Amino acid sequence: MIMRWQKALVRQLELFFVSSVVIFAVARALPRTPMEVYLQDRGLPVTPESIEALERQWGLGGPIVVQYFRWIGRFCTGDWGTSIVTGEQISVAMAQRLPISLAIGLGGVALAALLAYPLGMKASLGSRGWDLGARLITLISQAVPSFLICTLVIDLFGVRLGWIPFFRLSGAALVIAPMLIVAFYSLGQLSRVVTAHAEELRTEPFVTAAVARGFELNDLLWRDGRRPVLYGLISTVIAKMAWVIGGTAIVEYVFAVPGMSYYLIKSISSRDYTVVQSYLMVLVLWMFGTRIILGGVLSWLDPRTR
Amino acid sequence: MTIGIDHHGPVSLRVRGLSVRTRGDSPALLLDDVDLDLAPGQRVGIVGHSGAGKSMFLRALTGFCPDSLDVQGSVQLIDGSGEIQELLTADTKQRRRLATGAMAISWQNALQSLNPYQTISRQLGATLRLHRQLTADEVRSASLQWLASVGLSDGAGLLGSYPHQLSGGMRQRVAIAMTMCGGQPIVVADEPTTALDMVSQAECIDLYDRLCAAGARSLLYVSHDLALVGRLCTSVMVIQDARVVESGSIDQVRTRESSNPGASTRFSGILLAS
Amino acid sequence: MRIRLMVAAGILGVMILAFSLPHGDPSAVDLTAVLQPPSQAHPLGTDDLGRDVWALMAVGFWRTLTVVVTASLTSVLIGVPLGLIAGYSRGAVNAIIMTATDLTMIIPTFVAALLVTAVVGLTPFSAGLVLGLFGAGTYVNQTRALTLSIRSYDYVRAEVLLATPTVQILLRHVLPGVAGPLMRYFGSSASGTILAYAGLAFIGLGVDTTVPDWGTMLYRHRSQIDHPLLLLWPTLGIFLLAIVFHILADPALRKEGQ
């Protein structure tokens with residue numbers, strides 16, 4: 001078990017550094033360099049001399065390999081640079097926005113997983129109604145864009161009924177509606193995963209053997225089917241983790257919630273590439289962390305891998 | 001679990017006209033009009049080629065046929081006081097409950113019949129508690145007894161283990177213990193030795209022999225191998241093409257076959273022990 | 001199941017036929033005929049700039065369809081060969097492909113698409129290529145896993161012993177086995193692509209505003225409470241097209257957990 005953990009850690013570290021190289025390379029390959037953006041935004045002349053001056057000022061000059069190591073070194077010590085547009089420390093800005101995005105994304109997926117287990121089990125073991133309900137939810141989440149539902153929610157509850165002043169909320173209240181919508185959009189798929197695993201369980205030899213000994217199938221699946229089904233569910237949740245920060249971009253955008261992805265969208269449109277670079281690195285770190293943690297949970301669930 | 005008849009004492013089985021058909025416009029006959037009498041303590045082997053209908057017979061008998069099939073006939077459990085319980089008039093759920101209360105059933109893949117996610121003690125304990133009210137201590141001592149009865153000496157160590165930590169042979173024995181520990185008076189086994197090598201087969205047969213004798217339990221043993229059946233059972237029923245083509249004591253069947261090889265029984269592939 | 005396929009094919013067929021009919025110029029702005037109700041000249045009315053809604057719907061349809069086709073082709077043409085290679089070779093080649101795949105799975109497809117289309121411009125092709133590239137990861141993984149397992153089958157081992165050229169083994173034995181499961185995945189990823197494209201158009205980075213997409217239309221009219229039809233048509237378009245692909249994928253969804 002220890003060996004496996006170490007292997008996973010090393011692999012994730014490898015990925016982290018490879019990703020950083022790719023992200024660095026992509027950022028350098030973009031058409032307008034940060035220096036040009038900076039100069040153009042301030043109406044200053046874009047000449048090779050001014051660019052070089054800025055480079056030196058920002059410590060960006062030198063051979064590309066040196067630049068990379070300088071950048072990754074700074075990144076690892078917490079210096080993520082400053083935003084070209086606002087001038088604020090990017091690490092600070094991200095730190096402020098990360099909790100909000102996590103609350104929406106992680107909270108939404110966690111809520112969905114919690115609800116998906118009973119829903120999926122009921123869809124497999126209970127009456128047809130549950131199954132149809134789960135399929136309907138899945139259908140809507142696959143055919144109706146999330147921004148539309150966000151718009152409708154704002155329209156209905158914010159404007160027409162006037163119950164919730166969406167754009168004047170602050171603090172924790174901000175994340176509730178987005179989180180619920182994210183949860184809804186994950187619920188369908190996750191519940192189908194649960195249902196699929198429960199169905200598979202029915203024909204597993206150890207289940208049919210237990211039924212032959214006198215156990216009731218439904219009770220058996222609810223009680224003893226937990227681990228294998230949870231295994232499948234958590235595997236899917238791990239796969240969804242990549243989606244947690246980025247996929248919530250639309251929801252943050254429509255509700256104008258100051259999360260990381262909203263920040264990203266604004267930064268892309270203002271060509272603030274240092275922010276984009278840091279955002280991508282945060283994503284990589286995020287995946288790194290979740291894979292290690294959730295991977296550990298997975299191996300705890302299946303005694304065979306211990 | 002009181003379910004009509006008393007299955008703590010001897011129970012006999014009476015099957016009349018058991019048939020299985022597929023539903024629909026042109027029903028196919030999967031089992032045709034099978035009769036069987038199983039007295040307490042009696043052992044009957046059921047032999048035939050693969051696909052002849054042996055497993056279908058067991059499933060129809062125990063109530064484990066899928067709903068897509070139509071089961072007709074009569075399956076009766078009769079207890080010591082003469083109380084009769086007809087299985088086929090009950091609905092599926094009830095039927096299974098009655099069947100599993102009186103019969104210890106083992107389907108084919110014994111090696112995979114253990115729950116990989118639970119310790120042996122948990123699975124064995126749950127099965128024991130399914131049929132009797134027991135305290136935690138009683139469960140533990142009963143578990144150890146059963147493990148010992150299938151030839152596993154380090155019971156205490158085994159109880160805390162997971163199936164994947166045991167060897168194939170140990171798992172086989174634990175599986176048999178799990179099947180038998182309910183104490184049901186009738187044991188129904190569907191080809192328990194198929195996946196095993198010759199040595200393990202012999203051990204498996206030996207276990208069934210001892211355990212059934214110890215509890216005076218009757219046995220329905222399905223196999224495609226008449227030699228194996230011969231070591232364990234006194235009577236045999238031959239099923240071919242969904243029908244019973246031969247039944248009687250082992251000796252009778254052997255005599256008939258050797259005096260008229262292939263003629264009356266038409267099962268050329270089944271070797272008789274000499 | 002047949003019924004489902006027929007329904008899906010039917011809806012798709014109707015949409016293709018309908019939007020192939022001649023329609024007006026979608027970019028023709030006519031400020032004298034703003035927000036008109038349906039009429040003979042404008043079957044679905046006009047929008048807030050006097051453009052013919054039906055023409056806009058048609059353009060949106062073809063663009064969205066282009067995105068789906070481009071993305072799917074890209075995913076398959078990149079993912080499957082890479083998966084085959086990764087499943088068949090060992091060592092460095094395998095490691096490189098798996099790392100590259102992992103990278104695309106770490107960066108959310110939508111974010112990558114946002115970034116790329118903001119820089120190079122949002123067209124059905126650019127969106128399709130990015131979405132396809134970043135969606136190829138699953139194809140690589142699944143193909144690789146299937147290749148590995150098929151490789152261990154006896155009849156394939158026999159071919160190797162007989163020194164059959166690798167390419168032939170891959171094409172004749174591995175590919176057919178891989179095709180089935182991937183077809184099913186294709187359906188569910190296609191509807192995701194449709195929604196992603198609408199989302200990209202909605203956010204509107206790098207968008208060409210002269211002829212709005214369905215997503216852009218939804219953005220423009222998101223507060224048109226008094227003219228809900230303007231929201232309805234693009235919604236219906238997205239919904240129907242996504243359902244077509246969802247139907248094609250769903251029967252398999254029961255079995256496909258991950």
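As the structure is a prediction and not an experimental result, all values here were calculated from the model.

## A short note on the overall build of chain A
- Along the backbone of chain A there are 14 helices and zero strands.
- Ordered by position from the N terminus, the helices and strands of chain A form the series α-α-α-α-α-α-α-α-α-α-α-α-α-α.
- In terms of overall dimensions, chain A has C-alpha extents of about 85 × 60 × 30 Å along its principal axes.
- By residue count, 52% of the 306 residues in chain A fall in the buried class.
- For chain A, the share of sequence-separated contacts (at least 6 apart) that also reach a separation of at least 24 residues comes to 74%.
- Summed over all atoms, the accessible surface of chain A reaches about 13,700 Å², with 67% contributed by carbon and sulfur.
- In chain A, the 27 positive side-chain charges and the 19 negative ones have mean positions that sit 4 Å from each other.

## Details of the sheet that holds strand 3 (residues 43-47) of chain B
Residues and elements named next belong to chain B.
- Within the open sheet, the six strands sit side by side as 6-7-8-3-9-10. Their pairing is mixed. A strand with exactly one partner marks an edge of an open sheet, and here the two such strands are strand 6 (103-106) and strand 10 (243-249). Strand after strand, the sheet turns through a mean of 15° between neighbouring axes, direction not considered.
- Pairing analysis gives five bridges linking strand 3 to strand 8 (residues 218-223), with the strands arranged parallel. Along strand 8, the bridge assignment pairs Val47 with Ser223.

## A word on the interface of chain B and chain A
- Every contact between the two is made by 25 residues of chain B and, on the other side, 18 residues of chain A.
- Taken together, both faces of the contact between chain B and chain A bury some 1,900 Å²; the carbon and sulfur share is 60%.
- The largest share of the area that chain B buries against chain A comes from B:Tyr117, B:Leu130 and B:His164, three residues that together contribute 31% of it.
- Remark: the boundary between chain B and chain A carries two salt bridges.
- For A:Glu216, the salt bridge is made with B:Arg97, and the minimal N-O distance between the two is 3.0 Å.
- Where chain B touches chain A, the interface holds six residue pairs in polar contact (both at pLDDT 80 or more).
- Those elements that place two or more of their residues in the side of chain B that touches chain A are helix 2 (92-102), helix 3 (120-131) and helix 6 (168-180) of chain B.
- The biggest single contributor to the side of chain B that touches chain A is helix 3 of chain B, with five residues.

## Considering the sheet that holds strand 1 (residues 11-22) of chain B
All names here are of chain B.
- With antiparallel pairing, four strands are arranged side by side in an open sheet as 2-1-4-5. The open sheet has two edge strands with one neighbour each: strand 2 (29-38) and strand 5 (84-86). Put simply, the sheet's adjacent strands are angled 5° from each other on average, direction ignored.
- Two elements, strand 4 (residues 69-79) and strand 5, share three bridges in a ladder whose sense is antiparallel. Counted as the bridge partner of Gln76 is Glu86 from strand 5.
- Sheet strands touched by helix 1 (residues 54-62): strand 1, strand 2 and strand 4. Its angle to strand 1, the strand with the most contacts, is close to 115°.

## A short note on the arrangement of the chains
- Of all two pairs of chains sharing an interface, the pair with the highest contact count is chains A and C.
- Spatially, chain B and chain C are disjoint, and the shortest separation between their C-alpha atoms is 20 Å.

## A word on unusual backbone geometry
Residues and elements named next belong to chain B.
- Although it is not a glycine, Asp33 adopts a positive phi angle of roughly 50°.
- With respect to the helices and strands, the residue Asp33 is situated in strand 2.
- Residues other than glycine seldom take positive phi values, yet Asp241 does so here, at roughly 50°.
- For Asp241, the location among the structural elements is in the loop between strand 9 (235-240) and strand 10.
- On the accessibility criterion, Asp241 (59% relative accessible area) is exposed.

Thresholds, definitions, all that
- Throughout this document, residue positions are counted from 1 along each chain, in the order its sequence is written.
- Here every chain gets a letter starting at A, and every ligand a number starting at 1, in the order they are written.
- Two thresholds apply to this predicted model, a pLDDT of at least 70 for residue-level local features and 80 or more for giving and counting side-chain atom pairs, whereas whole-chain, interface and lining totals are computed over all residues.
- Only hydrogens and water are removed before side-chain values are computed, so all heavy atoms of the structure are retained for them.
- Only DSSP runs of H or I with at least four residues qualify as helices, and only runs of E with at least two residues qualify as strands; both kinds are numbered from the N terminus onward.
- Using a 1.4 Å probe on the protein chains alone, a residue whose accessible area is under 20% of its type maximum counts as buried, one over 50% counts as exposed, and one in between counts as partly exposed.
- Any two residues whose heavy atoms approach within 4.5 Å at even a single point are treated as in contact.
- Here, Shrake-Rupley sampling with a 1.4 Å probe gives the accessible areas, and only protein chains in the shown set may cover a residue.
- Positive charges are assigned to Lys and Arg, negative charges to Asp and Glu, while His and the chain termini are left out of the count.
- A charged residue contributes its charge at one atom only: NZ of Lys, CZ of Arg, CG of Asp or CD of Glu.
- By this definition, two strands are paired if DSSP reports at least two bridges between them.
- Between the N-to-C directions of two axes lies an angle of 0 to 180 degrees, each axis being a line fitted to C-alpha atoms and, for a helix, fitted only over the stretch in contact.
- Using a 1.4 Å probe, buried area is obtained as the accessible area two parts lose upon being combined, added over both of them.
- Salt bridge, as used here, is a side-chain nitrogen of Lys or Arg placed within 4 Å of a carboxyl oxygen of Asp or Glu.
- For the purposes of these results, a polar contact is taken to be a pair of N or O atoms within 3.5 Å, where, inside protein, one atom must be able to donate a hydrogen and its partner to accept one; residues adjacent in sequence count only when each atom of the pair is a side-chain atom.

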